[in-house]
Amino acid sequence: VELVESGGGLVQPGGSLRVSCVTSGFTFSDYPMSWYRQLPGKERESVAIISGNGANTYYTDSVKGRFTISRDNAKNTVFLQMSSLKPEDTAVYYCRTIIRARTYWGQGTQVTVSS
């Protein structure tokens, strides 16, 4: 199982960014996918979750209405579209899945929101 994030970078407050997570090694459409983030000096926190078929999503309150999680099961990829970004969204963003009770993480991608 491999998860590889990309798309992070520096963006100004109010801007947008899309991060991606390309996966391999498992039947992607069978499993929910999650995005987490780790702010400086804080524990990793859940941001958004999407079901295997993409029909159901969940967001933490702080990103509702600003972030959108989606997936392309043909490309084994999950996305996080982030809009109206705030400095407090600065973090390393990770994708995650759980397969047969084992948790898999990507290496993370840094998102920095600053003017």
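Up top is the structure these notes are about.
Here we summarise the structure given alongside this text. (Residues numbered from 1 in each chain as written. Predicted model: local features only at pLDDT ≥ 70, side-chain atom pairs only at ≥ 80, totals over all residues. Heavy atoms only, no water.)

**Notes on the packing of aromatic side chains**
Okay, so step 1: Scanning the entire structure with this criterion turns up 4 aromatic pairs.
Okay, so step 2: Taking the centre distance of 5.9 Å and the plane angle of 70 degrees together, the rings of Phe26 and Tyr31 count as edge-to-face. The exposure classification of Phe26 matches that of Tyr31, with both residues buried.
Okay, so step 3: On the numbers, 6.2 Å between centres and 85 degrees between planes, the contact of Tyr94 with Trp105 is edge-to-face. Of this pair, Tyr94 sits in strand β9 (residues 91–99) while Trp105 sits in strand β10 (residues 102–105), and the two are 11 residues apart along the sequence.
Okay, so step 4: For Tyr94, a relative accessible area of 11% puts it in the buried group.
Okay, so step 5: Residue Trp105 is classed as partly exposed on the basis of its relative accessible area, which comes to 34%.
Okay, so step 6: Chaining the aromatic ring pairs together yields one cluster made of Phe26, Phe28 and Tyr31.
Okay, so step 7: Above the plane of the ring of Tyr94 lies Arg44, whose end atom (NZ or CZ) is 3.6 Å from the centre. (Phe/Tyr/Trp six-rings, centres within 6.5 Å; stacked < 30°, edge-to-face > 60°. Buried < 20%, exposed > 50% of the residue type's maximum accessible area, 1.4 Å probe, protein only. Helix = DSSP H or I, 4+ residues; strand = E, 2+ residues; numbered from the N terminus. Lys NZ or Arg CZ within 6 Å of the ring centre and 35° of its normal.)

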